[in-house]
Amino acid sequence: MDGYNIMTMKKLIYMFLAAAMIVLAGCKEKDEVKHKIVGEWYYSDEESGHDLEIYVAFSIDYTFDIYQKIGEGGFRHLTGTYEVDRTLVTGVYSDRTPWASDYNVSFVDGNMVMTSTTADSYSVTYKKQRIPEEIKELSVDMSKSAGQEDYIL
C-alpha cells in the first residue's frame, strides 16, 4: 500500500470511530435517563401555598402510575405510558390524553428535575420516595374517567 491509501484508510477509521462514539454517547444518555427515572418519586407544593401532593412511579416497561392530591380530598390514581428520547420524557394517560407538557429531565443530588418544554418552562423537583401503601389502597382510580382538569403532568 502506498502512503496515500494508508492515510485514506486511517481517516476512514477515525471517522467511523468518531461516529460510533457519538451514537454510543446518545444511547448512554437515553439509557441513563431511562434507568434513573425508573422508581417512585414524590413532589409537594406546600411552600407556594398550593395544597398539592404527587407521587409518581415510572416502571422499566414504560408505564407510569400517578397518585395526586389537589386541595382537600383524597388521592386520585392515573395511569399511562411514557417515552424517553435522550433527556426528553413524554407521556400519554391510559385514555390516550397526552401530558400537559413534555419534560426535559435531569438529576441533581439524587432528585429528578422535570422542566416543561412549554413557553413558561416551569420546573418541578421530585424526591426519590416510596409510595405509601395506604395511598395506593385508598386512592380513587381515575384512569378510565379522568377529565382534562384531572391531569397534572
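This structure is a prediction, so every number in the text was calculated from the model and none was measured.

## Some thoughts on the pairing of strand β2 (residues 52-58)
Within β2, seven of the seven residues are buried, which leaves it mostly tucked inside the rest of the structure. Burial along β2 is two-sided: L52, I54, V56 and F58 facing one way and E53, Y55 and A57 facing the other are all buried. Looking at chain direction, strand β1 (residues 39-44) and β2 are connected through six bridges and run antiparallel. Its bridge partner lying in β2, G39 is registered against F58. By the bridge criterion, seven bridges tie β2 to strand β3 (residues 63-70) in an arrangement that is antiparallel. Along β3, the bridge assignment pairs E53 with K69. Between β2 and β3, which pair antiparallel one after the other, the connecting turn spans four residues, and Y62 there sits at a positive phi close to 70 degrees.

## Topic: the nonpolar core
One finds F58, Y82, V89, W99, M112, M114 and Y126 to be the most contacted residues of the largest nonpolar core, which totals 23 residues. Among the elements that line this core, the one with the most residues is β2, at four residues. Among residues more than four places away in sequence, those in contact with F58 are I37, V38, G39, W41, T63, F64, Y82, W99, M112 and M114. Among the nonpolar cores identified, the runner-up in size contains seven residues, and Y55, A57, Y67 and I135 belong to it.

## Comments concerning the pairing of strand β7 (residues 111-116)
Bridging between strand β6 (residues 103-108) and β7 involves six bridges; their strand directions are antiparallel. Bridge pairing in β7 links V108 to N111. Joining the antiparallel neighbours β6 and β7 is a turn of two residues, in which D109 adopts a positive phi near 50 degrees. Judged from the four bridges that link them, β7 and strand β8 (residues 123-128) form a sheet pairing that is antiparallel. Within β8, the residue paired with V113 across the bridge is T125.

## Some points on the pattern of salt bridges
Pairing is possible between side chains that carry opposite charge, provided their charged atoms lie close to one another. Taken as a whole and assessed by the stated rule, the structure comprises four salt bridges. Residue E40 pairs with R130 through a salt bridge whose shortest N-O separation is 3.9 Å. Taken as a pair, E40 in strand β1 and R130 in the loop between β8 and α2 (133-138) lie far apart in primary sequence, 90 residues in all. With a relative accessible area of 62%, R130 lands in the exposed category.

## Describing unusual backbone geometry
Unlike most non-glycine residues, R86 shows phi in positive territory, near 60 degrees. Of note, R86 is situated in the loop between β4 (76-85) and β5 (88-93). For S121, which is not a glycine, the phi torsion comes out positive at approximately 35 degrees. Along the chain, S121 falls in the loop between β7 and β8.

## Remarks on the environment of S101
Following the sequence through the fold, S101 ends up in the loop between β5 and β6. Put simply, S101 and T117 are 16 residues apart on the chain and 6.4 Å apart in space, counted from C-alpha to C-alpha. A polar atom in the side chain of S101 sits 2.7 Å from the side chain of S116.

## Examining the packing of aromatic side chains
Where two aromatic rings form a pair, the distance of their centres and the angle of their planes describe that pair. What the rule picks out here adds up to eleven aromatic pairs. Between Y55 and F75, the ring centres sit 5.9 Å apart and the planes meet at 50 degrees, which makes this aromatic pair tilted. Here Y55, found in strand β2, pairs with F75, found in the loop between β3 and β4; they are 20 residues apart in sequence, far enough to count as distant. The class for F75 is buried, based on a relative accessible area of 12%. Taken together, a centroid distance of 5.0 Å and an interplanar angle of 75 degrees make the contact between F58 and Y82 edge-to-face. Of this pair, F58 sits in strand β2 while Y82 is found in strand β4, placing the two residues 24 residues apart along the sequence. Both residues of the pair, F58 and Y82, count as buried. Through a chain of ring-to-ring contacts, three or more aromatic side chains come together here, namely F58, Y62, F64, Y82, Y93, W99, Y103 and Y122.

Calculation rules
Residues numbered from 1 in each chain as written. Predicted model: local features only at pLDDT ≥ 70, side-chain atom pairs only at ≥ 80, totals over all residues. Heavy atoms only, no water. Buried < 20%, exposed > 50% of the residue type's maximum accessible area, 1.4 Å probe, protein only. Helix = DSSP H or I, 4+ residues; strand = E, 2+ residues; numbered from the N terminus. Pairing = 2+ DSSP bridges. Core = buried A, V, L, I, M, F, W, Y, C linked by side-chain atoms within 4.5 Å. Contact = heavy atoms within 4.5 Å. Salt bridge = Lys/Arg side-chain N within 4 Å of Asp/Glu carboxyl O. Polar contact = N/O pair within 3.5 Å; in protein donor to acceptor, adjacent residues only side chain to side chain. Phe/Tyr/Trp six-rings, centres within 6.5 Å; stacked < 30°, edge-to-face > 60°.

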